[in-house]
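# Structure assessment
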Amino acid sequence: MNAREFRRRGKEMVDYVADYLEGVEGRQVYPDVEPGYLRPLLPTTAPQEPETFEDIIKDVEKIIMPGVTHWHSPYFFAYFPTASSYPAMLADMLCGAIGCIGFSWAASPACTELETVMMDWLGKMLQLPGVFLAGEAGEGGGVIQKFAAFLGHGASSVFKVAVFHLSDPSFMATSPSDHR
C-alpha cells in the first residue's frame, strides 16, 4: 500500500467506522456464537496473495462482526463503558503513524513529558494536593502504567502512602523532598 492508496482507504475506513457507530444500536449487542465459531470460517493457512480491501471489509462484516460484543451499543450495560470517541480514534491514528513507545524519557521525550503534563491535569481535576503533581520542578506526579505488574506495584505504593497519610496528618502539609 502506498501513500495514495492509504489516503483513499483511510477515508473509506473512516466512513465504515462512522457508519458502524451510527448504526450500532441496530446490531445484536452480545454475539450468538459458540466457542470455536471462527476457525471453520477462516482458511487453515495464511493467504499467499493479499486480499482486496473490499473483500477484507466484507469478511469483517460476514465473519468478524457476528462474534463481536458491541460495547458502544446504547443497549450494552455490562462491565464498564468504553473510552472511545471520534477524537480518540483520530488520536489513535496519529499515534499509530508516529509509532513511538514511551516507556522512558530517552525512548520518546515528547511522549513522556506530554503524559506527565496530562497526568498533572488529571491530578488537578481530581483536586489532588500539589505533592502528587509533577509540576515545574518535576517532583511528585505520575504516569499511566501499561502492565499489570506495574499496576499492582503502583497500587501497593499508593496504598502505603495512603496508610502513612492516615497515620500522620501532617504528611500532606510537607514537601515531596521531605519524604525521600
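All values reported here derive from a predicted model rather than from experimental measurement. (Residues numbered from 1 in each chain as written. Predicted model: local features only at pLDDT ≥ 70, side-chain atom pairs only at ≥ 80, totals over all residues. Heavy atoms only, no water.)

What follows deals with the overall build of the protein. Scanning the protein for helices and strands turns up five helices and zero strands. Its helices and strands taken in sequence order, the protein reads α-α-α-α-α from the N to the C terminus. Buried residues in the protein amount to 13% of all 180 residues. Taking all contacts inside the protein whose residues are at least 6 apart in sequence as the whole, residues at least 24 apart take part in 58%. Of the roughly 14100 Å² of accessible surface on the protein, a fraction of 65% belongs to carbon and sulfur atoms. (Helix = DSSP H or I, 4+ residues; strand = E, 2+ residues; numbered from the N terminus. Buried < 20%, exposed > 50% of the residue type's maximum accessible area, 1.4 Å probe, protein only. Contact = heavy atoms within 4.5 Å. Areas by Shrake-Rupley, 256 points an atom, 1.4 Å probe, with all protein chains shown as cover.)

This part is about the state of the cysteines. Counting across every chain of the model gives zero disulfides. Left without a disulfide partner, Cys95 is nearest to the cysteine sulfur of Cys100, which lies 6.9 Å away. No disulfide involves Cys100; its nearest neighbouring cysteine sulfur is the one of Cys111, lying 3.8 Å away. By relative accessible area, Cys100 is classed as partly exposed at 34%. (Disulfide = S-S within 2.5 Å.)

This next bit is on the pattern of salt bridges. In the structure shown here, the tally under the stated rule is four salt bridges. Where Arg9 meets Glu5, a salt bridge forms, and the shortest distance between an N and an O atom there is 3.5 Å. Within this pair, Arg9 and its partner Glu5 are both found in helix H1 (residues 3-23), separated by four residues, close to a single helical turn. Assessed through its relative accessible area of 8%, Arg9 is described here as buried. Judged by its relative accessible area of 29%, Glu5 falls in the partly exposed class. A salt bridge links Arg9 to Glu12; its shortest N-O distance comes to 2.9 Å. With a gap of three residues between them, Arg9 and Glu12 both fall in helix H1, about one helical turn apart. A relative accessible area of 29% means that Glu12 is categorised as partly exposed. One network of salt bridges, in which partners are shared, links Glu5, Arg9, Glu12 and Glu54. (Salt bridge = Lys/Arg side-chain N within 4 Å of Asp/Glu carboxyl O.)

At Gln127, a position not held by glycine, the phi torsion is positive, near 60°. Summarising the element assignment, Gln127 is placed in the loop between helix H4 (109-125) and helix H5 (148-167).

Core analysis: the largest hydrophobic core is formed by seven residues, namely Tyr16, Tyr20, Leu21, Val24, Phe53, Ile57 and Met65. At the level of elements, H1 and helix H2 (53-64) are the ones that each hand at least two residues to this core. (Core = buried A, V, L, I, M, F, W, Y, C linked by side-chain atoms within 4.5 Å.)

This paragraph deals with helix H3 (residues 86-98). With 13 residues, H3 should reach 18 Å at 1.5 Å per residue; the first-to-last C-alpha distance of 19 Å fits that figure. Burial analysis of H3 places just zero of its 13 residues in the buried class, which makes it a mostly uncovered element. A positive backbone phi angle near 65° is found at Gly99, which sits one or two residues after H3. (Expected span 1.5 Å × (residues − 1).)

With that settled, the discussion passes to H4. The terminal C-alpha atoms of H4 lie 24 Å apart, and with 17 residues this matches the ideal 24 Å at 1.5 Å per residue to within 8%. Among all positions of H4, only Thr112, Glu115, Asp120 and Gly123 are buried. Seen along its axis, H4 keeps its buried residues to an arc of 140°; they face one direction. In H4, the exposed residues that point more than 90 degrees away from the buried face are Ala110, Lys124 and Met125. Trailing H4 by a residue or two, Gln127 shows a phi angle of about 60°, which is positive. (Arc of directions from axis to C-beta.)

In short, geometric facts, not functional conclusions.
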